Amino acid sequence: MGDPVANYTSRLQQQEGEIKLLQDEIERLRDPQELNFTSSQLDELREENSRLKYRLNILKRSLQEEMSQNDNEMLNINQRLQQIFGEAINTAYPGLENPPLTVTPNQQAKFGDYQCNSAMAMAQVMKAKGQKISPREIAEKIVQNIPNNELIERTEIAGPGFINVHLKRMFVSKLLSSLLVNGVKPPSLKKKKKVVVDFSSPNIAKEMHVGHLRSTIIGDSMCRLFEFLGYEVLRLNHVGDWGTQFGMLIAHLQDKFPNYLSVSPPIGDLQAFYKESKKRFDEDEEFKRRAYQCVVKLQSKEPDFIKAWNLICDVSRNEFQKVYNCLDIRIEERGESYYQDMMTAVIKEFEEKGLVQLDEGRKIVFAPGQSIPLTIVKSDGGYTYDTSDLAAIKNRIFDEKADIIIYVTDSGQAVHFQVVFAAAQLIGWYDPKVIRVEHAGFGVVLGEDKKKFKTRSGDTVRLMDLLEEGLKRSMDKLKEKGRDKVLTPEDLVKAQRAVAFGCIKYADLSHNRINDYVFSFDKMLDDRGNTAAYLLYAFTRIRSIARLANIQEATLRTAVETTEVLLDHEKEWKLGKCILRFPEILQKITDDLLLHTLCDYLYELATTFTEFYDSCYCVEKDRQTGEVVKINMCRMLLCEATAAVMAKGFDILGINPVERM
């Protein structure tokens, strides 16, 4: 995908290079004696000189304007360092095409703040071309060509060719002040792009179960990330609301509630209703025959059958919405039925391009490099999931004009989507270099016995039962900590919901989505270690520091405008740098869609803050009276900056922290 910051960086490098060329040309034109030109030639050159100076001033002004426009946004320090080192490498080795460029945060403070590790990889590339140069020599030449910049204090070459980078404290201080003044704002997108995220996707007439938990939580968090970064996001719920199963459901509805057209049927338990109709379908041939007739009439869109279908769908929607309300999920339903009228045109397009083969009455499509075909028409003339998924991807590309399309489903569907994407490319619907289409797969939820998460009776766990159990356990935990004695009833309920749903979401998101994970209420409610419970309590403590010191909001706002964020203590410096890594964390997740990186970062930020708070007093109180005798406002601002970034991180994860817990 096109990286807006990289594009911006490239444009800046190009403009700076052009400025340098123009400056060199102007210097050359200033010495006419050396050039030995005639009077008329000199006049022409002077005119050209004026034009060049004019162009130079425009370029400089343009450069300054672009940089000033972004002053109120958080800077991605890593990308800025990559720009600086990229320029140094290109200057040092102009003949080397696409040189390796690696800049990472330093893991040990004694070696500096960041590290450029390009020299070793460059040595290998040059060796393959017959140029034998030691990595250390390459590193020295890179350092010699680092351009003047605003953030590097000094560099050191270590070991075989590691370039350790020390940042300017004043620069980091200014970035923190900007964050406090302007808020947590991401780098702006050069072009607003549209993202479609397909997630959750339960089946009508069936309960949402724990298997839908991961898709719902992961998909929502991805949407929140892209929304924060400034993308236009379309959240789609591709529910299973069409197919032969609706024939048996409608036939059963007609028998059980014959007056359903005039009186809304009181279907209390749709899952039981589904099981009853399935049992009749399997055992009663006459019922099965009627069920198939109902399917035909539904697909023909006869009004009475469409009404019956809508009644069944509405009962399911109401149940789904209970889950979405608990988890604070916004999503637009576009089920399989939405794409029914588009399928005929999709099949015709594949046929007209000669991409369809016949196989025992089926119409199939083989995509290049794929061993499994797509079945786009069954032998009985019916459509399949393959057909609806092809219609859906075409709609998202051409009608929604998506730049990025993400499917959030379990990893078991990886091969299916791989074939769908390959077929969409085969027919020419999209170029992967232009439109990013990705399957974000995830592992299964396991019980504490390391087997698929089930009830004791072996049934699939209902999602609402799980959420209600979470509420019960979080209240028990809060009472165990005595919070019911200090919180108002209203605040206690807010804390209960924040802990329950926050812990369930975080337990999922803090694991690499590709892996299976063990669901354990005991672990997720533990307020030690990398859990939502720990982070929520840490956040509440940070937010309470100013309140307990009786510092008014207006006082803090004045301090933001007037107080310099000093970073003299090593723990202040460590915390300041950690806060400012937020944009590079988000950039990484945008690239690989692995949200556990954000969880790891928030945990690191919380523990780094604890180190800072234990070593650096923010509020000094009289030990006998408890009265505040001294406030270090600079450190209070570091508390505010930490809380601001944590709050935005929680928002992206879909977690709702509360002020009192």
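For the structure given in this document, a descriptive report is provided here. Please read all numbers here as calculations on a predicted model, not as lab measurements.

## Looking at unusual backbone geometry
Part 1 of the reasoning: For S200, which is not glycine, the phi dihedral falls at a positive 75°.
Part 2 of the reasoning: Relative to the assigned elements, S200 resides in the loop between β5 (194–198) and α8 (210–228).
Part 3 of the reasoning: Overall, S200 belongs to the buried group, its relative accessible area being 3%.
Part 4 of the reasoning: Here K301, not a glycine, exhibits a phi torsion of approximately 65°, which is positive.
Part 5 of the reasoning: Inspection of the secondary structure assignment puts K301 in the loop between α11 (285–299) and α12 (303–327).

## Some remarks on helix α9 (residues 245–256)
Part 1 of the reasoning: End to end, α9 covers 17 Å across 12 residues, agreeing with the expected 16 Å (1.5 Å per residue, within 8%).
Part 2 of the reasoning: Against the buried residues of α9 lie α10 (270–283), α11 and α12.

## Some details on the pattern of salt bridges
Part 1 of the reasoning: The final tally for this structure, using the stated rule, is 48 salt bridges.
Part 2 of the reasoning: Residue E283 pairs with K279 through a salt bridge whose shortest N-O separation is 3.2 Å. Placement of both E283 and K279 in helix α10 is noted, with a separation of 4 residues, approximately one turn of the helix.
Part 3 of the reasoning: With relative accessibility at 57%, the residue E283 sits in the exposed group.
Part 4 of the reasoning: A single salt-bridge network, built from bridges that share partners, covers D220, R224, E227, R235, D328, R330, K648 and D651.

## Quick word on the environment of V420
Part 1 of the reasoning: Tracing the chain through its elements places V420 in helix α15 (residues 414–426).
Part 2 of the reasoning: For V420, a relative accessible area of 1% corresponds to the buried category.
Part 3 of the reasoning: Along the backbone, V420 and A367 are 53 residues apart, and their C-alpha atoms lie at a distance of 8.3 Å.
Part 4 of the reasoning: With residues near it in sequence (within four places) discarded, V420 still touches L374, D389 and L390.

## What about the side chain of R513?
Part 1 of the reasoning: You can see R513 is positioned in the loop between α18 (489–509) and β14 (517–518).
Part 2 of the reasoning: Put simply, R513 is tucked away with no salt bridge, and the nearest opposite charge, on E438, sits 4.8 Å away.
Part 3 of the reasoning: In this structure the side chain of R513 is engaged in a polar contact, spanning 2.7 Å, whose partner is the backbone oxygen of G441.
Part 4 of the reasoning: Excluding residues within four positions of it along the chain, R513 makes contact with R214, I218, M222, A440, G441, F442, G443, D592, L593 and L594.

## Quick notes on the packing of helix α24 (residues 596–615) against helix α25 (residues 633–653)
Part 1 of the reasoning: For the pair α24 and α25, the least separation of the axes is 11 Å and the interaxial angle reads 160°. Classed by the angle they form, the pair α24 and α25 counts as roughly antiparallel. Seen along the crossing, α24 lies across α25 with a hand that is left-handed. Here α24 contributes L598, C599, Y601, L602, L605, A606, F609 and F612 to the contact with α25, which in turn contributes R635, L638, C639, T642, V645, M646, G649, F650, I652 and L653.

Rules of the game
Residue numbers run consecutively from 1 along every chain, following the written order of its sequence. Reporting in this predicted model follows two pLDDT cut-offs: at least 70 for local features of residues, and 80 or more for side-chain atom pairs to be given and counted; totals over whole chains, interfaces and linings ignore these cut-offs and use all residues. Water and hydrogen atoms play no part in the side-chain values, which are based on all heavy atoms of the structure. Helix and strand labels come from DSSP, where a helix needs a run of H or I of at least four residues and a strand needs a run of E of at least two; each type is numbered from the N terminus. Buried, partly exposed and exposed residues are distinguished by accessible area as a fraction of the type maximum, computed with a 1.4 Å probe on protein chains only: under 20%, between the cut-offs, and over 50%, respectively. An expected span of 1.5 Å times one less than the residue number is assigned to each helix. Any pair of residues with heavy atoms lying within 4.5 Å of one another is described as a contacting pair. We define a salt bridge as a side-chain nitrogen of Lys or Arg found within 4 Å of a carboxyl oxygen belonging to Asp or Glu. Think of it this way: Lys and Arg go in the positive column, Asp and Glu in the negative one, and His and the chain ends go nowhere. For this analysis, a polar contact is any N or O atom pair within 3.5 Å, provided that within protein one partner can donate a hydrogen and the other can accept it, and provided that sequence-adjacent residues contribute only side-chain to side-chain pairs. Helix axes use the C-alpha atoms of the stretch in contact, all axes being lines fitted to C-alpha atoms, and the angles between their N-to-C directions lie in the range 0 to 180 degrees. If an angle is under 35 degrees, it is roughly parallel; if it is over 145, roughly antiparallel; if it lies from 65 to 115, roughly perpendicular; otherwise it is oblique. For any helix crossing, the convention is left-handed if the near helix is rotated counterclockwise from the far helix by under a right angle, and right-handed if that rotation is clockwise.

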